[in-house]
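If you want the building blocks of each chain, they are given just below.
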Amino acid sequence: MNFMTVAWSNLRRNPVRSILTGLSLVVSAATLTVVIGLDKGYSSAVNSELVESTGVHMYITKEGCPIEAASVIAQGGLSPLFVEEELVERVQTHPNVDAVLPFKLFTVTVEDGSRTDIFMGVTPEIQRVRPDWQFASGGWFESEYSVILGAEIAQIEGLEIGDVTYSEEFDREFNVSGILERNYGQDDATIFLPLATAQRLVQREGRLSAIALKLTDISLMDQSRNELRAMIPADSNVLGSRELGDGILQFYSSTRVIMFIMVVIAFVISVFGIVNTMLMAVLERRREIAYLKCVGAGKTDILKLITFETFAICVAGSLLGAFIGLAVSPYFGNFMRSLLVAYVPSGSIAQPSLSIALLAFLSCTLIGVVCSLYPAFRASKIVPMEVLRNE
Amino acid sequence: MNNNGYLIHMESVSKDFRRGSETIHALREANLSVHPGEFIAVVGHSGSGKTTLMNIIGCLDRPTSGYVRIADHKIKDLPEKELTQIRKTTIGFVFQQFFLIPTLTVLQNVMLPGLFARQNVEKRARELLGLVGLKNRLSHLPDQLSGGEMQRVAIARSLINNPSILLADEPTGNLDSHNAGNIISMFEQFNRTGLTIVMVTHNPDIATRCSKIVHIEDGCLTA
């Protein structure tokens, strides 16, 4: 027999109370696992999609708040912000610019709101700027009303090369000339059009959402950015792809704050639950603790006993919570996707991992054990003769 | 052992308590000497100071004044840690309430003080439970036992660390006369092996079975 045996047996005295206390830790650990998984996953997805895998080093956008620009680019839509197409020729002359991709990005939501299509008008330069933009079948636009479909939208619509699809929004038929390989990014859900066609469809001829640039030598990025700034009008801006990603993550920060507030609330509830449970347990067992002191239990023994009881609850609750957090993270990822306004990566935005679960488990266990110190201290201070005489 | 051969020696021991503005004199100039192997009954009315006397002998409380020696220890000035050590090694306690942990088995309850003494006492616990007639009840939980059986478990537990002194505060108070008689017989049996017992009781029939009766009234002891 050891202290843990006694502690575990004490927890069995009032199983409902022990289980409820454990459940508060389950909620805390699960919430922490989910929130950290979402936080890490979203940042990682944004970085991977916008910064690492696109091959775009810089964007030229309309001057203004870079976060707003990021949102406009990411969300498409018919923003009043635009870049003049004439800038394309100017920036092409810069010696460190390898490829220039002017694009027009917009979205069209069907009348009943059940679906939003993403359209992107591009030029052949996209194949140089975006190494991940590869055809699975078919090829470049065959006519001004040809489309190239992302893998997911082609699959959803059941379209193949040569098929003709009718767009109610534009009252026009489009011929499918190419289908892209799946890259698990936003491209998978995008309909690509020739740039001029895209501009015409939304009556924005000569206007671009932004210009994407690929540099020859990215070690000269800062210098190139300054030089490019000097080449474009003062009301335009040059953004690094990292800044674009950071801008989007800043949009996400309010969501992030709310999520972490949820974690704090869950923790506070757990803390009160544990302190309350252990204080009750101590108060109910004052005479018994007094007797244990009679038979030789020292202050340290009583401290150890009460702390072990809490430790047992904390380990069980935190472990279960961390695993539940791992299991439900993907569902919360999908839920978050429906709430995000800044930018929604097409891959999973939940990135649960064993290291996150371990962190949640250790944090919750540690907090729980710290919470037990006050009740344990109260128990250790019990004076046997006072309790046995007065109660 | 002290020089006089007493296991318990008290001289002019007083214990006062404050209750609000009032001072309660729980013990007044009490003298008590107990030789090893004696079986003493402490008899007195409620509030006469019996429990205070037991607490001082049991190193659970210190006297306000006077001299107390338990085995080789002068307890008045000992720190709490050493008093705990004396309780752990020298004194066993049996109370009217059994204080068994309801979720531990009979065997585990008896072994509990060994946990605090950092000793493996399972073998001795089994032997003691055999001596108190409960060797077939080792894995039972306390709520599966009768009152008499629970007190026998409590007695086995009080002896697990092989104490020199057994302090029993109304050990038969919750038992019927048959079970009370059995418990006292058990005390007599352990006393014959050399265990010193100091027992508080209200019951004059039980007191007469002890080798010495000490009366206590208003904190004053009379043999």
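Bear in mind the structure is a predicted one, so any value in this text is a computation, not a measurement.

Peer 1: Just to check I follow, could you spell out helix α5 (residues 147–158) of chain B for this structure?
Peer 2: In an α-helix, one turn spans 3.6 residues, which is why side chains three or four residues apart end up on the same side. Here α5(B) is twelve residues long and its end C-alpha atoms lie 16 Å apart, about the 16 Å a rise of 1.5 Å per residue gives. Buried residues dominate α5(B), accounting for eleven of its twelve residues. All of the buried residues along α5(B) are Gly148(B), Glu149(B), Met150(B), Gln151(B), Arg152(B), Val153(B), Ala154(B), Ile155(B), Ala156(B), Arg157(B) and Ser158(B). Contacts from the buried residues of α5(B) go to α10 (286–294) of chain A together with β6 (91–95), α3 (106–116), α4 (122–131), β7 (165–169) and α6 (177–192) of chain B.

Peer 1: Where do I start with the packing of helix α1 (residues 3–11) of chain A against α3(B) in this structure?
Peer 2: Helices that pack against each other are described as a pair by the angle of their axes relative to one another and the distance between those axes. Two numbers describe how α1(A) lies on α3(B): the axes approach to 11 Å, and their chain directions differ by 130 degrees. Taken together, α1(A) and α3(B) sit at an angle that is classed as oblique. As for how α1(A) packs across α3(B), the hand of that crossing is left-handed. Together, Phe3(A), Thr5(A) and Val6(A) of α1(A) and Gln108(B), Leu112(B), Leu115(B) and Phe116(B) of α3(B) make up the contact between the two elements. Split by residue class, the contact of α1(A) with α3(B) holds five nonpolar, two polar and no charged.

Peer 1: Looking at this structure, I do not really get the side chain of Thr310(A). What am I missing?
Peer 2: Residue and element names in this part refer to chain A. Looking at the element boundaries, Thr310 is found in helix α11 (residues 299–339). A distance of 3.0 Å separates the side chain of Thr310 from the backbone oxygen of Ile306, its partner in a polar contact. Discounting chain neighbours no more than four positions away, the residues touching Thr310 are Ile274, Met278, Gly368 and Ser372.

Peer 1: Can you help me understand the sheet that holds strand β1 (residues 8–19) of chain B in this one?
Peer 2: Strand pairing in a sheet relies on backbone hydrogen bonds. The paired strands run either parallel or antiparallel. Residue and element names in this part refer to chain B. Here four strands make up an open sheet; going across it, the order is β2-β1-β4-β5 and the pairing antiparallel. Here the strands that pair on one side only, and so sit at the sheet edges, are β2 (22–34) and β5 (73–74). Direction of pairing for β1 relative to strand β4 (residues 65–70): antiparallel, over a ladder of five bridges. Residue pairing across strands places His9 opposite Arg69, the latter belonging to β4.

Peer 1: Teacher, can you tell me more about the pairing of strand β6 (residues 146–149) of chain A here?
Peer 2: A regular strand carries its side chains on alternate faces of the sheet. Residues and elements named next belong to chain A. Here β6 shows a buried face lined by Ser146 and Ile148 and a second buried face lined by Val147 and Leu149. Sheet topology places β6 next to strand β8 (residues 172–180); four bridges connect them, and they run parallel. Paired with Val147 across the two strands is Val176, which belongs to β8. Across two bridges, β6 lies against strand β9 (residues 190–194) in antiparallel orientation. The residue of β9 that forms the bridge with Leu149 is Ile191.

Peer 1: Help me understand the side chain of Asn55(B), please; the structure alone is not making it clear to me.
Peer 2: Tracing the sequence through the fold places Asn55(B) in helix α1 (residues 50–57). Accessibility expressed as a relative area gives 4% for Asn55(B), which makes it buried. Not counting residues up to four positions away in its chain, the partners in contact with Asn55(B) are Met385(A), Leu60(B) and Asp61(B).

Definitions and cut-offs
- Residues numbered from 1 in each chain as written.
- Chains lettered and ligands numbered in written order.
- Predicted model: local features only at pLDDT ≥ 70, side-chain atom pairs only at ≥ 80, totals over all residues.
- Heavy atoms only, no water.
- Helix = DSSP H or I, 4+ residues; strand = E, 2+ residues; numbered from the N terminus.
- Expected span 1.5 Å × (residues − 1).
- Buried < 20%, exposed > 50% of the residue type's maximum accessible area, 1.4 Å probe, protein only.
- Contact = heavy atoms within 4.5 Å.
- Axes fitted to C-alpha atoms, helices over the stretch in contact; angles between N-to-C directions.
- Parallel < 35°, antiparallel > 145°, perpendicular 65-115°, else oblique.
- Left-handed = near helix turned anticlockwise from the far one by under 90°.
- Nonpolar A, V, L, I, M, F, W, Y, C, P; charged D, E, K, R; others polar.
- Polar contact = N/O pair within 3.5 Å; in protein donor to acceptor, adjacent residues only side chain to side chain.
- Pairing = 2+ DSSP bridges.

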